[in-house]
Amino acid sequence: MIIKTSRLILRPADISYLNSTHAYAGDPENTKFMMFLPYADLDETAEFLRDAEAEWNQEKPDRYEFVILLGDTHIGGITLYMMEDRSEAELGWVLHRDHLRKGYATEAARAVMEFARDDLGVRRIFAGCDSENVASYKLMEKLGMTHSFTGTRTNRSTGDEVRTELVYEIFL
């Protein structure tokens, strides 16, 4: 499964992207607003990528983990987490800091949302972010998502600190 946009190629994540994934997913500054990041070391990143690759080999994956490529450069990842009835999914993304604020996350998210609707039959997509991650919730708004819930979460980088989470959704 490969998705192409005007500037990007989205392809299934696998272990061949270990070092480039760890460059952004293991960087504490790059992932300060992320729930499950940063990865502690290359071994943890490798485990994540092996799990993602195994998921792609399932008949009906519960998670579609794509790498985002700009030409031959791996600049980030985007994930679609399927809910149990498969009519809903959660969307998540992370880009290497060198590639922020250039519209790549928006472009990748739109392509994955289209894939979810057209190929998987998803009718509702939601996404969440730390309330201080202004760029993330602005991106959700740009995608046509609306704020639907405010809750709490903890981010790996901040330990046990309880943070405010904003959840946005869109019906396709």
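Further up the page is the structure itself.
Residues numbered from 1 in each chain as written. Predicted model: local features only at pLDDT ≥ 70, side-chain atom pairs only at ≥ 80, totals over all residues. Heavy atoms only, no water.

Novice: Would you mind showing me how to read the overall build of the protein here?
Specialist: Along the protein, the regular secondary structure elements total four helices and eight strands. Of the regular secondary structure in the protein, the N- to C-terminal order runs β-β-α-α-β-β-β-α-β-α-β-β. Relative to the 2.2 N^0.38 estimate, which gives 16 Å for 172 residues, the radius of gyration of the protein is 15 Å and therefore close to what a compact globule would have. Seen through its principal axes, the protein has C-alpha atoms that stretch 40 × 35 × 30 Å. Within the protein, buried positions represent 48% of all 172 residues. In the protein, 60% of the contacts between residues at least 6 apart in sequence involve partners at least 24 apart. Here the protein displays about 8900 Å² of accessible surface, and carbon together with sulfur accounts for 47% of that area. In the protein, which carries 20 positive and 30 negative side-chain charges, the distance between the mean positions of the two groups comes to 7 Å. (Helix = DSSP H or I, 4+ residues; strand = E, 2+ residues; numbered from the N terminus. Rg over C-alpha atoms; globule rule 2.2 N^0.38 Å. Buried < 20%, exposed > 50% of the residue type's maximum accessible area, 1.4 Å probe, protein only. Contact = heavy atoms within 4.5 Å. Areas by Shrake-Rupley, 256 points an atom, 1.4 Å probe, with all protein chains shown as cover. Lys, Arg positive; Asp, Glu negative; His and termini not counted. Charge placed at Lys NZ, Arg CZ, Asp CG, Glu CD.)

Novice: Got a minute to help me understand the environment of Lys60 in this structure?
Specialist: Within the fold, Lys60 resides in the loop between helix H2 (42-56) and strand S3 (63-70). Taking C-alpha positions, Lys60 is 9.6 Å from Met82, a pair spaced 22 residues apart along the chain.

Novice: Help me out: how do you make sense of a negative patch on the surface in this one?
Specialist: There is a patch of like negative charges on the surface, built from Asp41, Asp43, Glu47 and Asp51. Inspection of the secondary structure puts Asp41 in the loop between helix H1 (18-25) and H2. (Patch = residues over 30% accessible without salt bridge, like charges linked within 9 Å, V, L, I, M, F, W, Y side chains within 5 Å. Salt bridge = Lys/Arg side-chain N within 4 Å of Asp/Glu carboxyl O.)

Novice: Help me understand the nonpolar core in this model?
Specialist: Nonpolar side chains tend toward joint burial in soluble globular proteins. Within the largest apolar cluster, 36 residues are counted, with the highest numbers of intra-cluster contacts made by Phe66, Ile78, Leu80, Leu91 and Ile125. Going through the elements one at a time, S3, strand S4 (73-82), strand S5 (88-95), helix H3 (104-120), strand S6 (124-130), helix H4 (134-142) and strand S8 (162-171) are the ones with two or more residues in this core. Broken down by element, the residue count for this core peaks at nine residues, all from H3. Not counting the four nearest positions on each side in its chain, Leu80 is found in contact with Asp62, Arg63, Tyr64, Ala89, Glu90, Leu91, Val112, Ala116, Leu120 and Ile125. Formed by 14 residues, the second largest nonpolar core is a distinct cluster that contains Leu18, Val67, Leu69 and Val94. (Core = buried A, V, L, I, M, F, W, Y, C linked by side-chain atoms within 4.5 Å.)

Novice: I would appreciate a short explanation of the pattern of salt bridges in the present structure.
Specialist: Where charged atoms from two side chains of opposite charge come close, those side chains can pair. All chains considered together, the criterion is met by 14 salt bridges. Salt-bridge contacts for Arg63 lead to Glu65; the nearest nitrogen and oxygen are separated by 3.7 Å. By relative accessible area, which is 17% here, Arg63 ends up buried. Salt bridges here are not isolated pairs; linked through shared partners, they connect Asp130, Glu132, Glu161 and Arg163.

Novice: Teacher, can you tell me more about the packing of H1 against H2 here?
Specialist: Relative placement of two packed helices is described by the angle separating their axes and the distance separating the axes. Between H1 and H2, the shortest axis-to-axis distance is 10 Å and the interhelical angle comes to 115 degrees. As judged from the angle between their axes, H1 and H2 are roughly perpendicular. Once H1 is placed against H2, the crossing between them reads as right-handed. On H2, the residues touching Leu18, Asn19, Thr21 and His22 of H1 are Leu42, Thr45, Ala46 and Leu49. Broken down by class, the residue content of the contact of H1 with H2 amounts to four nonpolar, four polar and no charged. (Axes fitted to C-alpha atoms, helices over the stretch in contact; angles between N-to-C directions. Parallel < 35°, antiparallel > 145°, perpendicular 65-115°, else oblique. Left-handed = near helix turned anticlockwise from the far one by under 90°. Nonpolar A, V, L, I, M, F, W, Y, C, P; charged D, E, K, R; others polar.)

Novice: Looking at this structure, I do not really get the sheet that holds S8. What am I missing?
Specialist: Neighbouring strands of a sheet are bound in pairs by backbone hydrogen bonds; such pairs are parallel or else antiparallel. Pairing is mixed in the open sheet, where eight strands are placed in the order S1-S2-S3-S4-S5-S6-S8-S7. With partners counted over all chains shown, the strands left at the sheet margins are strand S1 (3-4) and strand S7 (146-154), one partner each. Relative to S8, S6 runs antiparallel, the two being bridged by seven bridges. Residue pairing across strands places Cys129 opposite Leu166, the latter belonging to S8. (Pairing = 2+ DSSP bridges.)

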